[in-house]
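Residues per chain, in single letters:
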Amino acid sequence: MIQNLADGILVGSVLSLGAIGLTLVMHMLRFANFSHAELLSIGAYAALVFDAVFAAILPPLAAKIGPLSMTWALALALLAAIAITGASALLIDRLVFRRVRSKGSELSMVFASFGVAMIVRNVTGLLFGLGTQLYSRDIVFAVVVSRDPLLLIKPDQVFVLAAALLVMVALHLVLTRTTLGFALRAVAENPTLAQVNGVNLGRMIALVWVLGGGLAAIAGVFYGLTNQISPMIGRDLVLPVFAATIVGGIGSVYGAVLGGFIVGVAANVALAVLPSGYSPSVPFLIILAVLLVRPNGLFGEARA
Amino acid sequence: MTALNIKRGGRIALAVALATTALTGAAAAQDCTTKIGAVLPTSVDWGKPIAETAQFVVDQVNEAGGVQGCKIEMVLRDTQVDPKVGVDAAKALVDLDGVQVLLGAVSSGVSMPILTSVTVPAGVAQFSCCSSSGAFTTLAEEGKTKGLWFRTFATSNVQALVGAKVAKDQGYKSVAVLYKNDDWGQDIGKLVAQHLEAQGITVTATVAINDAQPSYRAEVTDAIAGQPEAIYLALYPTEGISVVREWLSLGGSQNMILANSLKSDEFRDAVGLQYLGSAHGTDTSSPRVESADAFVARYKERFGSEPNGPGLSNSYDATMIALLAMEAAGKDAKGSEVAAAVARVTDPAGTPVTADAAGFTAARDVLAGGGTVLYQGATGNVRFDENGDVSAPAVIWSFTESGTQEDSYISLEEVDALAGAGN
Amino acid sequence: MIGFISYAVFFSTVASILAIAVLGLNLQWGFTGLFNGGVVAFFGAGAYGTLILGGTPQADHLGGFGLIYPLALAGGAAVAGLLAWVVGILTLRLRQDYLAIATFGIAVTFENVMRNAEALSGGAKGFRGFERPLRDLFGDGFGYNLAFFCFVLALLVGVFLFLERLVRSPFGRLLRAIREDEDAARSLGKSPARVRLVSFVTGSVIIGLAGGLYATFYAFISPQDVLPTLTFQIWAMLIVGGAGNNRGAVFGAFLIWGGWTSSGWALSRFAPVEAQLYTGSIQYILIGSIIVTMLLWRPQGLLPERLVISQAGQPRKPRTTGSMT
């Protein structure tokens, strides 16, 4: 049980990172973006490419960092992936979402995002093949933290959790301490009022996409590091990430963080009770339970 | 264009024509085309190689002069693993392209509605490489397939029996069973658990592995809790890699028994050969004749790797048997005639033929003389029973640097004996 | 030519069945504004319900009640309605996007139960043991398909006329009133919660009817038929056709299903041999592009809702979208 709990927290950190980006986009642009998880996929593959490039240019970079399976090359590639994914998010907005936004309703956006997800997933499949890829083939063995009750934890996962928490703290500081953060929050609260006060709406939207894309890239690389990379990452992660966002309440960054951990923990703990065949339902049963008690999620506000 | 250029152009064309004739040989005589349909999930990671293998067979047969002197054109449609899409594609192939032979589908959930609502009503012969559901046998027993249904996927029981035998031979006292949560996995998972217990081995857990989950950590934790001496894995490479890497990193036993779906280079490379030393796989097998290597040799030539992956040899056999049966049935045969001719190419008393272009040519001569042949396929001496199911001998294999090696061979009689002992 | 007609009948049967489901969804979303993200659960409930009630006895799973077909079909639709009633009571008070994800979850759970509960549904291998009705009369081939198509078409027309009358009735006006301004409707003494539930259950019964027809046509159903893809397909049909317009819903069903299948056909015919193995992925890219393009070109759908004067004062778009460019 304690193992399930620990695993859930470790898995949850990746979901949290994905959910933060999604909650910002959903809150600001008022639509359920089903293509958000594809940004994780773009990030993971971008890092895969740059990892190979950096390791080829400078072989010493291929060395591992401490007990982790992460290499220096991958760490650098992560930065490149953040930039590329942010840019991709912006590009997709320019090409599709901004145009649909100007003409259609929320629902048009939702379905446009379905279409975008389909395109990104299959283009990735054509470019990189449909099979599974890994950053590192070595298997990092879990460390025994405690024998009774048995608790095993992988160094990679601890690193991912720590890094994710660090990113979240940094984001918190940006949102609460900087002018940019104030502007962003103002727009999310009330776009019209914010504009009246001189906030450039177009720039803020671009910022949200870049931010969401960057966080998604980190989540994607971390996911690839602790699991594996395939063109189906987006399909596999879209629902848990959504679940985390909804449980936390749309628009709440802290809700998204908590939501990620709740979904991660619940999915892991539930298997101790339910037959494993039912594991895909678990995130939704949690959503349902949360919404029955709090119709706007844990931290969400009712929207007029 | 100058006169010189025209001349040169003409010469090149002539050279190309000569080269083409030399290359294709008998194929030059082909001036007709026969279409066959294929409905396979090409947009899915494990589905694409299955389609690739089917196309490979068609190419070989065309190289050998085609069927009844006609070039075979395989019209390939993607099922998207969506029954409606697959059924519609099959219907379009049958009605619009007029195919009499249909290859597919992979998933039973797609093959079944195609069979009931497309091929059987239209009298088209359907050959599936990989649909494993027992429902097909029941349907055939009820006479509802009209003898049009064939599958080269030996019933899961053979592999389940051999899997349990491996566990016993290795002396494992306890085994956890992890199975893919689809029709094939549910079936084989249940059978393996039964046979293991019949051997007196404790099954510590049977864990369903669902498709498309972001992490299998919880499932692995669940399986490892009983501290089994070994695990039995009926998974595809994608989930298999994820599960086994988690399993190993959590300190799980390296004693593994693998179903043939994990006989895959992708799986070996991603897990690492160093961890697969005590992994034993099971598979249905080729007969013990020299010529049976033909398939492997040809496959390596074409794809540069061994035919390791779920359903590849099955797809090879399904396609080859379909084409042989078309050859046996004569020119412009109807689907029902092709289906009836399957017995003529899988006759245990017939002339043995190998699973390649040479084998096809040999079979053509025998069939033209009114004889029967025994196709010695990639999955074995394929023999269909009256319900279109195959039984086959089995092998136990393990991974090597370059691919896999066969450790022991279990003849059809021994498999039958195991089945008798198990019951 | 015979082949073409045979295929056309087959295609139209599936498209008509899907069109019935789209009409059901149109009642829920187009006229009432309920974001049902779990269409496939109600479709599946109708499908499994019909086969369980009308099938022959099976050793390994539930079924074999052998009801005569019309009763089995109605029973299947009723099962879908019952499910909708329970789900509706639990979730209809939620806000749009929350409702969508909650109902989506119901659908995933439904698929999961069908996949795992072998004694109920036959598990992953699917549910069989159902005889198509009147097979003795029409045989198995083209004749049967034609007869079945006529039956489906009659039901499609029936559902269409029923919904047209419904939305023009006082109840239909009430639905739109609640969709547009719930508080105003409540102030007139109406009960939005009850009206929503009625609309949700009615729409789901129609979707369940489509599911029952679908399972009858294939005489088979498996968990693969009730994956979220179907929800997406049915929604795409409604959005492209035009939400709030029954003609648009039917038109969208034929158009999207036509595009979905013909893209595969065209690729198999015209793509070069070397590219054939990649057509699966290419087809998905094509379908995705078609949907995105349609939304860029006509986001309100091909046949948009015809608003009557009394509704013109109320803008339908969310307050922010207009100013967000």
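Note that the coordinates shown come from a computational prediction; the quantities given were computed from them, not determined experimentally.

1. Remarks on the packing of helix α2 (residues 36-57) of chain A against helix α8 (residues 201-226) of chain A
Residues and elements named next belong to chain A. The contact between α2 and α8 brings their axes to 7 Å, and the two run at 60°. Taken together, the axes of α2 and α8 lie oblique to each other. Crossing angle aside, the handedness with which α2 passes α8 is right-handed. Across the interface between the two elements, H36, L39, L40, G43, A44 and A47 of α2 pack against G212, G213, A216, A217, A219, G220 and V221 of α8.

2. Topic: the sheet that holds strand β2 (residues 71-78) of chain B
Residues and elements named next belong to chain B. The parallel open sheet is built from five strands, whose spatial order is β2-β1-β3-β4-β5. Strands with a single pairing partner mark the edges of an open sheet, and in this sheet they are β2 and β5 (149-151). Averaged over all pairs of adjacent strands, the angle between strand axes in this sheet comes to 25°, irrespective of strand direction. Packed onto the sheet, helix α2 (residues 47-63) meets β1 (33-40), β2 and β3 (101-104) and runs at close to 170° relative to β2.

3. Side note on the UniProt feature "transmembrane region" (unreviewed entry) in chain A
Residues and elements named next belong to chain A. Those residues carrying the UniProt feature "transmembrane region" (unreviewed entry) are residues 6-27, 39-58, 70-92, 158-184, 204-225, 237-263 and 269-293 in this numbering. Within the segment residues 39-58, helix and strand shares are 95% and 0% respectively, and the terminal C-alpha atoms sit 28 Å apart. This span, residues 158-184, is 96% helix and 0% strand, and a straight line between its end C-alpha atoms measures 31 Å.

4. A look at unusual backbone geometry
A cis amide bond links G104 of chain B to the next residue, A105 of chain B, at an omega of -10°. In this fold, A105 of chain B is placed in the loop between β3 and α4 (108-122). A positive phi is found at R30 of chain A, a non-glycine position, where the angle reads about 60°. Here R30 of chain A is to be found in the loop between α1 (2-29) and α2. Of note in the backbone geometry, Q80 of chain B takes a positive phi value of approximately 55° without being a glycine. With respect to the helices, strands and loops of the structure, Q80 of chain B is situated in the loop between β2 and α3 (83-95). Q80 of chain B gets classed as buried once you look at its relative accessible area, which sits at 7%.

5. So, the sheet that holds strand β16 (residues 394-399) of chain B
All names here are of chain B. The seven strands are arranged β7-β6-β8-β9-β10-β16-β17 in an open sheet whose pairing can be described as mixed. The open sheet has two edge strands with one neighbour each: β7 (202-209) and β17 (404-410). Sheet twist, expressed as the average angle between the axes of neighbouring strands with direction ignored, equals 20°. When strand β6 (residues 174-180) meets strand β8 (residues 230-234), the two strands line up parallel, connected through five bridges. Bridge pairing links V177 to Y232 in β8. Its contacts with the sheet put helix α7 (residues 183-198) on β6, β7 and β8, and the angle it makes with β6 is roughly 165°. The sheet strands contacting helix α9 (residues 237-249) are β6, β7, β8 and β9 (256-258), and the helix crosses β8 at an angle near 165°.

6. Here we look at the domain arrangement of chain B
All names here are of chain B. Segmenting chain B into domains produces domain 1 (31-153 + 311-391) and domain 2 (156-284 + 393-422). Contacts between the two partners involve nine residues from domain 1 and, on the opposite side, eight residues from domain 2. Between domain 1 and domain 2, the buried area comes to about 830 Å², and carbon and sulfur atoms account for 50% of it. In this assembly, domain 1 and domain 2 are joined by zero salt bridges. One can count two residue pairs in polar contact (both at pLDDT 80 or more) joining domain 1 with domain 2. The residue makeup of the side of domain 1 that touches domain 2, split by class, is two nonpolar, five polar and two charged.

7. Looking at the state of the cysteines
Residues and elements named next belong to chain B. The tally for this structure, following the rule as stated, stands at two disulfides over all chains. One disulfide in the model links C32 with C70; its S-S distance is 1.9 Å. Across the disulfide from C32 to C70, rotation about the S-S bond amounts to roughly -100°, and the bridge is consequently left-handed. Of this pair, C32 sits in the loop between α1 (3-24) and β1 while C70 sits in the loop between α2 and β2, and the two are 38 residues apart along the sequence.

8. Quick look at the side chain of N181 of chain B
Relative to the helices and strands, N181 of chain B resides in the loop between β6 and α7. Among the residues examined, N181 of chain B registers a relative accessible area of 4% and is labelled buried. In terms of polar contacts, N181 of chain B uses its side chain to reach the side chain of N116 of chain C, at 2.9 Å. The contact partners of N181 of chain B, leaving out residues within four places of it in the chain, are G277 of chain A, Q186, A208, I209 and N210 of chain B together with R115 and N116 of chain C.

9. Focus: the packing of aromatic side chains
Applying the stated criterion across every chain, the model contains 42 aromatic pairs over all chains. The interplanar angle of 40° and the centroid separation of 6.1 Å between the aromatic rings of F267 of chain B and F399 of chain B together place this pair among those described as tilted. Taken together, the residues F267 of chain B in helix α10 (residues 265-271) and F399 of chain B in strand β16 connect sequence positions 132 residues apart. Residue F399 of chain B is classed as buried on the basis of its relative accessible area, which comes to 8%. When the ring of W265 of chain C is compared with that of F270 of chain C, the centres are 6.2 Å apart and the planes differ by 85°; the resulting orientation is edge-to-face. Pairwise contacts between aromatic rings join F10, F43, Y69, F130, F138, Y144, F148, F151, Y214, F217 and Y218 of chain C into one cluster. Across from the ring centre of Y236 of chain B, 4.4 Å away, lies the NZ or CZ of K180 of chain B, which sits over that ring.

10. Here we look at the packing of helix α8 (residues 217-224) of chain B against α9 of chain B
All names here are of chain B. Packing of α8 against α9 brings their axes to within 9 Å, and their N-to-C directions diverge by 50°. One way to sum up the angle between α8 and α9 is to call them oblique. Crossing of α8 against α9: the hand is right-handed. Of the residues in α9, those in contact with R217, V220, A223 and I224 of α8 are V243, E246 and W247. The residue inventory of the contact of α8 with α9, partitioned by class, reads five nonpolar, no polar and two charged.

What counts and how
- Throughout this description, residue numbers start from 1 for each chain and increase along the sequence as written.
- The order in which chains are written sets their letters, starting at A; the order in which ligands are written sets their numbers, starting at 1.
- Residues qualify for local features only when their pLDDT is at least 70, as the model is predicted, and side-chain atom pairs are given and counted only at 80 or more; totals for whole chains, interfaces and linings, by contrast, use all residues.
- Computation of side-chain values covers all heavy atoms of the structure but excludes hydrogens and water.
- In this description, a line fitted to the C-alpha atoms serves as the axis of each element, helices being fitted only across the stretch in contact, and the angle between N-to-C directions of two axes falls anywhere from 0 to 180 degrees.
- Here a helix means four or more residues in a row that DSSP labels H or I, a strand means two or more in a row labelled E, and each is numbered from the N terminus.
- Angle categories: roughly parallel below 35 degrees, roughly antiparallel above 145, roughly perpendicular from 65 to 115, and oblique for all the rest.
- Crossings are assigned a handedness: left-handed for a near helix turned anticlockwise from the far helix by less than a right angle, right-handed for a clockwise turn.
- Residues count as neighbours in contact if any of their non-hydrogen atoms are within 4.5 Å of one another.
- Here, any two strands with at least 2 DSSP bridges between them count as paired.
- UniProt positions are given in the numbering used here, feature names are shortened, and annotations may be inferred rather than shown by experiment.
- Summary of the burial criterion: residues with accessible area below 20% of their type's maximum are buried, those above 50% are exposed, and those between are partly exposed, where the area comes from a 1.4 Å probe applied to protein chains only.
- For the domains described, the bounds stem from an automatic or database domain assignment.
- By buried area we mean the combined loss of accessible area, with a 1.4 Å probe, across both parts when two parts are placed together.
- Think of a salt bridge as a Lys or Arg side-chain nitrogen and an Asp or Glu carboxyl oxygen that are within 4 Å of each other.
- Distance and chemistry together define a polar contact, namely a pair of N or O atoms within 3.5 Å, with one atom able to donate a hydrogen and the other to accept it when in protein, and with adjacent residues in sequence counting only for side-chain atoms on both sides.
- Lys, Arg, Asp and Glu make up the charged group, whereas Ala, Val, Leu, Ile, Met, Phe, Trp, Tyr, Cys and Pro make up the nonpolar group; the residues left over, Gly among them, are polar.
- Our working definition of a disulfide is a cysteine sulfur pair at a distance within 2.5 Å.
- For Phe, Tyr and Trp, where Trp contributes only its six-membered ring, two rings pair if their centres lie within 6.5 Å, and the inter-plane angle classes them as stacked under 30 degrees, edge-to-face over 60, or tilted in between.
- In this analysis the charged atom, NZ for Lys or CZ for Arg, is taken to sit over a ring once it is within 6 Å of the ring centre and within 35 degrees of the ring normal.

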